[in-house]
Amino acid sequence: MKTEGLKEFYEHKMQPLPENINATAGHFNIFRIEDCLSGTTTIQYARRDYYKITLIRGVNRYHYADKSIEVDGTSMIFFNPKVPYTWEHISGEATGYFCIFTEPFFTEKLRGSLQELPMFAIGGKPSYILNQTDEQAIVAVFEKMLTEIGSDYAFKYDLLRSYLNELIHLALKTEPASNLYDHPNANTRITSVFRELLERQFPIETPQQRFTMKSARSFAESLAVHVNHLNRAVKATTGKTTTAIISERLVAEAKALLRHTDWNVAEISNSLGFEEASHFNNFFRKHTSLTPSRYRTV
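Everything numeric here is computed off the predicted structure, so don't read it as measured data.

### Quick notes on the overall build of the chain
For the chain, the helix and strand inventory stands at 11 helices and 11 strands. Considering the chain as a whole, with its 298 residues, one finds that 49% of them fall into the buried category. Roughly 14700 Å² of accessible area belongs to the chain as shown, and the carbon and sulfur atoms make up 50% of that amount.

Okay, here's the thing in structure tokens:
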């Protein structure tokens, strides 16, 4: 399954590619739905390599991993890069807003992971029905985002990050939508449990804590499945190898520890399960093109 990147997103929407598309601090943008429909009300079923938060009105159906969600009214939907999805507009007025962002944009100045939030957690409920009061409050935040994205304010992205957090918390204060229809899929279930086992080992909070399950085989043993079965399921569901997902999570945690703690590189290396600091240096440089020490200074 093809994964849509930010470049493909802008090409599909016939929007100019922003100059900061590859910024190390991440990417963020905000749109009105009615400005982006381009004559179609169906989105291709695919994974994206960015996060998306949508407020939409009318009757809409979402196919999200192995579930379908049908919502009548104003709803807020949270999409993440781990789960493929598509959207069908059934009836009513197709208006609303959506913002897209990458994980580095959200986590640059924060500890923790987006996957810790209920709407982005594997197996979580991504749909939130909004009453009139909720809708008014959330629309006001989206409108502030639209105003700010076009401003010349030097710290506008810090402010937009705050608005993004506000959207998330406004949604958390509502009840998740309950009309979810399960379509059992063994690959998705295995991948979800693998993701959960991986996330349980984070965040690393002390130098004495140690990440131990570093290989696909160790996860397969914990799940009581053959490692080849786990690898096939993860690849079919995410488009990535089990090893790649473990490495991505290790890199994300390494970045957080380097940025937000005063631990030395040897302590971070040990807590992430590397026998030698040199092995950690090679691993980090392979995935970021920077040494851990250099990353701390940029």
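The structure having been displayed, the exposition proceeds.
### Focus: helix α8 (residues 242-260)
Over its 19 residues, α8 extends 27 Å from the first C-alpha to the last, a length consistent with the 27 Å expected when each residue adds 1.5 Å. Regarding α8, the residues found buried are Thr242, Ile245, Ile246, Ser247, Arg249, Leu250, Val251, Glu253, Ala254, Ala256, Leu257 and Leu258. At its buried positions, α8 is contacted by α5 (186-200), α6 (216-223), α7 (227-238), α9 (265-271), α10 (277-288) and α11 (292-297).

### Here we look at the sheet that holds strand β4 (residues 51-56)
One open sheet holds the five strands; their spatial order is β2-β9-β4-β7-β10, and the pairing between them is antiparallel. Two strands in the sheet have a free side with no partner beyond their single neighbour: β2 (28-32) and β10 (127-129). The average angle at which neighbouring strand axes cross in this sheet is 10 degrees, direction not considered. Pairing geometry for strand β7 (residues 75-79) and β10, over three bridges, is antiparallel. Bridge pairing in β10 links Met76 to Tyr128. Together, β2, β4, β7, β9 (96-101) and β10 form the strand contacts of helix α3 (residues 132-149), whose direction differs from that of β2 by roughly 120 degrees. Helix α4 (residues 156-172) rests against β2, β4, β7, β9 and β10 of the sheet, and its axis sits at about 115 degrees to β7.

### A word on the packing of α5 against α8
Relative to each other, α5 and α8 sit at 30 degrees, their axes nearing to 11 Å. Between α5 and α8, the crossing angle belongs to the class labelled roughly parallel. The way α5 lies across α8 gives a crossing that is right-handed. Residues Phe194, Arg195, Leu198 and Glu199 of α5 form the contact with α8, whose own contacting residues are Thr242, Ile245, Ile246 and Arg249. Split into classes, the residues belonging to the contact of α5 with α8 amount to four nonpolar, one polar and three charged.

### Brief notes about the side chain of Thr288
Tracing the sequence through the fold places Thr288 in helix α10. One polar contact links the side chain of Thr288 to the main-chain carbonyl oxygen of Phe284, over a distance of 2.7 Å. From its side chain, Thr288 meets the backbone oxygen of Leu290 in a polar contact 3.1 Å long. Contact partners of Thr288, with chain neighbours within four places excluded, come to Val251 and Lys255.

### A word on the pairing of β9
When you tally the buried positions in β9, you get six out of six residues, the bulk of the element. Along β9, one buried face is formed by Gly96, Phe98 and Ile100 and the opposite face, lined by Tyr97, Cys99 and Phe101, is buried too. Where β2 lies against β9, five bridges are found, and the strand directions are antiparallel. Counterpart to Phe28 in the pairing with β9 is Phe101. Here β4 runs beside β9; their pairing, made up of six bridges, is antiparallel. Within β9, the residue paired with Ile56 across the bridge is Gly96.

### Some remarks on the confidence of the model for the chain
Confidence along the chain averages 83 in pLDDT terms, with 85% of residues attaining 70 or more. This stretch, residues 178-184, has a pLDDT under 50; its non-local contacts, to residues over four places away or in other chains, come to 17 contacts.

### Focus on the packing of aromatic side chains
Given two aromatic rings, one states the distance between the centres and the angle between the planes to describe the pair. Under the defined criterion, the tally for this structure stands at 19 aromatic pairs. Pairing Tyr51 with Phe101 gives two aromatic rings, centres 5.5 Å apart and planes at 15 degrees, and the pair type is stacked. One end of the pair, Tyr51, is in strand β4; the other, Phe101, is in strand β9, with 50 residues separating them in the sequence. The same class applies to Tyr51 as to Phe101, namely buried. Feature note: the residues Phe9, Tyr10, Phe31, Tyr50 and Phe98 constitute an aromatic cluster, connected by ring pairs. A cation over a ring is seen here: Arg259 above Tyr295, with NZ or CZ 4.5 Å from the ring centre.

What counts as what
- Residues numbered from 1 in each chain as written.
- Predicted model: local features only at pLDDT ≥ 70, side-chain atom pairs only at ≥ 80, totals over all residues.
- Heavy atoms only, no water.
- Helix = DSSP H or I, 4+ residues; strand = E, 2+ residues; numbered from the N terminus.
- Buried < 20%, exposed > 50% of the residue type's maximum accessible area, 1.4 Å probe, protein only.
- Areas by Shrake-Rupley, 256 points an atom, 1.4 Å probe, with all protein chains shown as cover.
- Expected span 1.5 Å × (residues − 1).
- Contact = heavy atoms within 4.5 Å.
- Pairing = 2+ DSSP bridges.
- Axes fitted to C-alpha atoms, helices over the stretch in contact; angles between N-to-C directions.
- Parallel < 35°, antiparallel > 145°, perpendicular 65-115°, else oblique.
- Left-handed = near helix turned anticlockwise from the far one by under 90°.
- Nonpolar A, V, L, I, M, F, W, Y, C, P; charged D, E, K, R; others polar.
- Polar contact = N/O pair within 3.5 Å; in protein donor to acceptor, adjacent residues only side chain to side chain.
- pLDDT = per-residue confidence, 0-100.
- Phe/Tyr/Trp six-rings, centres within 6.5 Å; stacked < 30°, edge-to-face > 60°.
- Lys NZ or Arg CZ within 6 Å of the ring centre and 35° of its normal.

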